[in-house]
Amino acid sequence: GPKPHELYGKFTWKIENFSEISKRELRSNVFDVGNYKWYILVYPQGCDVCNHLSLFLCVADYDKLLPGWSHFAQFTIAVVNKEPKKSKYSDTLHRFCKKEHDWGWKKFMELSKVLDGFTVADTLVIKAQVQVILDKPSKPFRCLDPQYRRELVRVYLANVEGICRRFCEDKKSRLAWAREEVSSFRQFWGSLLPEQQRKFLTDKGEVILKAVVKQFFNEKEVTSTLVMDALYSGCKQIEEHSRAWLEGKYTENAPVVLIKAERSTFTLCGDLMDIVDRVQKDFIPAPKDDSKEGDDYRRDSIERDEKRLAELGRKTLEMFVIAHIFCEKLEIAYREAEALKRQDQLIAEEFEMARLEESKAQAKAQADKEKKAKKKVRM
């Protein structure tokens, strides 16, 4: 299919004599992005609100498109200030369809602020960036134009890190049972045949990746595309690390291989309790503080952010696979084995109690018999 940069485009709209406009709404010229036609709709005095500028992205000729059409897109709209850092930006995700062919913000910004550097020579400049999204529900996907992704990373990297950290912390607590019951779990694991162990440690890639997308992709959350991008990059890193490890080319400074991706499967590597111990530590390390002054730092910041995004994706995917195999497979089998063992213990205890009761009854019967025999002798 088309690449992300082929589904991305920019559009600039200059509205002259802005203060003299008396129309309720204005439409920009139509522009093409991703083989679809769009336009910007602005309400200079607000749409259903007072004292606000309202802005929307709309699908052109939506009523002429075939029934059932939909365009899924992420877009940014900005009202430009003469001081670029003060420009007003807003981002969102939306699946455009016949019922929702326009999407944006009724309260994009207050009208009182428009005159504060947003109009130069009574001209208002509006810029739009539109990225059509081709999502894949079966696996993480890279969907953003590189330049647009860099802008989103600069703004939302901290949000992505928060999402990944919260997920990993939640899974840490879910894995605590393995440490609390380490002795009995090791006994259970040691009782399994090698073939059974291999079956538990491996799961199909399509099963895990589909579950990853279901967990992290939300069509209403603007950071979802960055999270998918991170997971996509992380998945590629895991595949590269696995290949190097299997070929004996893995270096000492490389990350420890906890899972390997091979032949469309994911497999846990190494001692299970060692994996649990590693997970319980600071699983996602803090970003390296290599800040410095000057142009070199600014030039390196983009590359550093890209590496951090990929690292977050790799660590999150590792945690997902580990938690999936431990909680969805190993824990269930372990609990069932413990329940059967407990059931056997109860049956054995009941059998022993019955045997003791029977022994007591026999002893009592024998004592009664001897007592009667003694009475006969006296008579």
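Looking at an unreviewed UniProt entry, the protein carries the name MATH domain-containing protein, with the source organism given as Volvox carteri f. nagariensis.

Caption draft 1: Structural detail: the sheet that holds strand β12 (residues 259–262). With respect to topology, 3 strands assemble into an open sheet ordered β11-β13-β12, the strand pairing being antiparallel. Either end of the sheet is taken by a strand with one partner, and the two such strands are β11 (202–204) and β12. Strand-to-strand twist in this sheet, taken as the mean axis angle between neighbours without regard to direction, amounts to 20 degrees. Its contacts with the sheet place helix α5 (residues 194–201) against β11 and β13 (265–268), and it is angled at close to 45 degrees to β11. Contacting β11 and β13, helix α6 (residues 205–216) crosses the sheet at an angle of about 70 degrees to β11.

Caption draft 2: Representation of the UniProt feature "domain: MATH" (unreviewed entry) in the protein in the model. Listed under "domain: MATH" (unreviewed entry) in the UniProt record, and renumbered for this structure, are residues 8–130. End C-alpha to end C-alpha, residues 8–130 measures 6 Å, and it is 3% helix and 55% strand.

Caption draft 3: Representation of the state of the cysteines in the model. Under the counting rule described, the total for this entry stands at 0 disulfides. Here C47 is not cross-linked by a disulfide; its sulfur's nearest cysteine counterpart is in C58, at 10 Å. A residue is classified by how much of its surface remains accessible, and C47, at 9% relative accessible area, is buried.

Caption draft 4: Summary view of the packing of aromatic side chains. According to the stated counting rule, one finds 18 aromatic pairs in the structure shown. A centroid spacing of 6.1 Å and a plane angle of 85 degrees characterise the contact between F72 and F217, whose relative ring orientation is edge-to-face. On the criterion of sequence distance, the pair formed by F72 in strand β6 (residues 70–79) and F217 in the loop between α6 and α7 (224–246) is long-range, its members being 145 residues apart. An identical accessibility class is assigned to F72 and F217; each is buried. Summarising the aromatic geometry, the rings of F185 and F326 are spaced 6.4 Å apart at their centres and angled 35 degrees between planes, so their arrangement reads as tilted. Of the two residues, F185 is situated in helix α4 (residues 182–190) and F326 in helix α9 (residues 295–378); the sequence distance between them amounts to 141 residues. There is no split in this pair, since F185 and F326 are both buried. Through successive ring pairs, a cluster of aromatic residues spans W38, F75, F96, W105 and F108.

Cut-offs and rules
- Residues numbered from 1 in each chain as written.
- Predicted model: local features only at pLDDT ≥ 70, side-chain atom pairs only at ≥ 80, totals over all residues.
- Heavy atoms only, no water.
- Pairing = 2+ DSSP bridges.
- Helix = DSSP H or I, 4+ residues; strand = E, 2+ residues; numbered from the N terminus.
- Axes fitted to C-alpha atoms, helices over the stretch in contact; angles between N-to-C directions.
- Contact = heavy atoms within 4.5 Å.
- UniProt positions renumbered as here; feature names shortened; annotations may be inferred.
- Disulfide = S-S within 2.5 Å.
- Buried < 20%, exposed > 50% of the residue type's maximum accessible area, 1.4 Å probe, protein only.
- Phe/Tyr/Trp six-rings, centres within 6.5 Å; stacked < 30°, edge-to-face > 60°.

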